[in-house]
Structures are given as structure tokens and as C-alpha cells.
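Listed below are the residues making up each chain.
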Amino acid sequence: MTVVGTVLTEPEIKRAGAQRHELVTFWVRSSERRFDKGKEQWVDGRPLSVRVTCWRRLARGVHSSLHKGDPVIVNGRLYCQFADSGQARVVPEVEACAIGPNLAFATAPIQRGEDGGRGSSQTAGAGDCPSVVADAVPVA
């Protein structure tokens, strides 16, 4: 799933799991835009807020680069967490594979990582969304 929106909360970093990997979480809000023929103008439609989780190297990059209010594009796996805070509720969550600034609304200098930005399965960490990459469809 890909969500285009705005970072709602400051990304928080912590360590999780038996290996104590970096984990960053934050919320993104996206609002659809549609053209209202009667008003002859673009209007906001229904909003969507999702919690985003990032692991390992992606978590470090997000924590050092993104802040509340930044326009972003998030790609990853969508699933639901079931929260029980007195009443049952479903929290939509995207486990991110890739996150970047939305360059339609911002500019961003690129600083390559230690591997020159090439990435590898060893440095990315096993389980960093291989199914999303496998499902990618080339654009003609």
C-alpha cells in the first residue's frame, strides 16, 4: 500500500525485539482531493490516518530526516492492530518498506548511506518487506 500525506506526529525511536532493533513510529494523515463540478473547484474529501512503523536502517533514516508536518510518501504492508482501551477499536498500521519526502511539496538533499545508496539484503535486514518489492509492477 502507498499513502501520500503529512506526518502528524514527531517520529519516535526506540529499540524492540530480542535483537533490540531500532523501531520508529509516527502517524500520517492523508486526505483525498476531488473536483466538485458544482463549485468548479477542488475540495477535500475523506481523511485517512494511519500509524507507520519502520525498522532498522529505515528507522534511523526516518528519525534523522522527517518531522511533524513534513509531506511524505509511505510504501509498505497494511494491517490492523486491535487496541483495547476500555472499548475495542481497530488501528490501521503500515509497516513501511520505503518512505520519502513528497517532492511536489518540498525539496530534499540526498545524502547516501555507507553503501552508497545501493542497499543489500544483508544491510537492510531480513524481513524488510520483500513481498512488496516482489509485487512491484513496472511503469511503462
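- In the nomenclature of an unreviewed UniProt entry, the protein chain is known as Single-stranded DNA-binding protein of Amycolatopsis cynarae.

**Concerning the overall build of the protein chain**
Okay, step 1: Along its length, the protein chain carries 3 helices and 6 strands.
Okay, step 2: The order of α-helices and β-strands along the protein chain, N terminus first, is β-β-β-β-α-β-β-α-α.
Okay, step 3: Put simply, 61% of the contacts in the protein chain that link residues at least 6 apart link residues at least 24 apart.

**Overview of the nonpolar core**
Okay, step 1: Formed by 16 residues in total, the largest nonpolar core has its most connected members in Phe26, Val28, Val52, Cys54, Val62, Val74 and Ile99.
Okay, step 2: Discounting residues that sit within four places of it in the chain, Phe26 has contacts with Val7, Thr9, Glu10, Pro11, Val50, Arg51, Val52, Cys54, Val62 and Ile99.

**Things to note about the side chain of Thr25**
Okay, step 1: Of note, Thr25 is situated in strand 3 (residues 21-36).
Okay, step 2: For Thr25, a relative accessible area of 10% puts it in the buried group.
Okay, step 3: Once you skip the residues sitting within four places of it in the chain, Thr25 turns out to touch Glu10, Pro11, Glu12, Arg51, Val52 and Thr53.

**Concerning the pattern of salt bridges**
Okay, step 1: Throughout the structure, instances matching the rule amount to 5 salt bridges.
Okay, step 2: A salt bridge links Glu22 to Arg15; the nearest nitrogen and oxygen atoms lie 3.3 Å apart.
Okay, step 3: Residue classification places Glu22 among the buried positions, given a relative accessible area of 12%.
Okay, step 4: Residue Arg51 is joined to Glu93 by a salt bridge in which the shortest nitrogen-to-oxygen separation is 3.1 Å. One end of the pair, Arg51, is in strand 4 (residues 41-55); the other, Glu93, is in strand 6 (residues 88-101), and 42 residues separate them in sequence.

**A look at the pairing of strand 2 (residues 12-16)**
Put simply, side chains in a regular strand alternate between the two faces of the sheet.
Okay, step 1: Judged from the 5 bridges that link them, strand 2 and strand 3 form a sheet pairing that is antiparallel. Looking across to strand 3, one finds that Ile13 is bridged to Val24.
Okay, step 2: Counting the residues that bridge the hairpin from strand 2 to strand 3 gives 4 residues, and of these Gly17 lies at a positive phi of roughly 80 degrees.

**With respect to a nonpolar patch on the surface**
Okay, step 1: A grouping of Met1, Leu48 and Leu78 is seen on the molecular surface, where their side chains present a nonpolar patch of about 250 Å² in accessible area.
Okay, step 2: Within the secondary structure, Leu48 is located in strand 4.

How each quantity is defined
- Every chain is numbered independently, its residues counted from 1 as its sequence is written.
- For this predicted model, a pLDDT threshold of at least 70 governs which residues receive local features, and a threshold of 80 or more governs which side-chain atom pairs are given and counted, while totals over whole chains, interfaces and linings are taken from all residues.
- The side-chain quantities take in all heavy atoms of the structure and omit both hydrogens and water.
- Starting at the N terminus, helices and strands are each numbered in turn, a helix being any DSSP run of H or I of at least four residues and a strand any DSSP run of E of at least two.
- Throughout, a contact is declared for two residues whenever any of their heavy atoms are within 4.5 Å.
- To define a nonpolar core, start from buried Ala, Val, Leu, Ile, Met, Phe, Trp, Tyr and Cys residues and group those joined through side-chain atoms within 4.5 Å.
- For the exposure calls, accessible area comes from a 1.4 Å probe over protein chains only, and a residue counts as buried if that area is under 20% of its type's maximum, exposed if over 50%, partly exposed in between.
- We count a salt bridge whenever a side-chain nitrogen from Lys or Arg sits within 4 Å of a carboxyl oxygen from Asp or Glu.
- Being paired, for any two strands, means DSSP has found at least two bridges between them.
- Exposure above 30% relative accessible area and no salt bridge define the residues that can form patches, which grow by joining like charges within 9 Å and nonpolar side chains of Val, Leu, Ile, Met, Phe, Trp and Tyr within 5 Å.
- What sets the accessible areas is the Shrake-Rupley method with a 1.4 Å probe; for residues, cover comes only from the shown protein chains.

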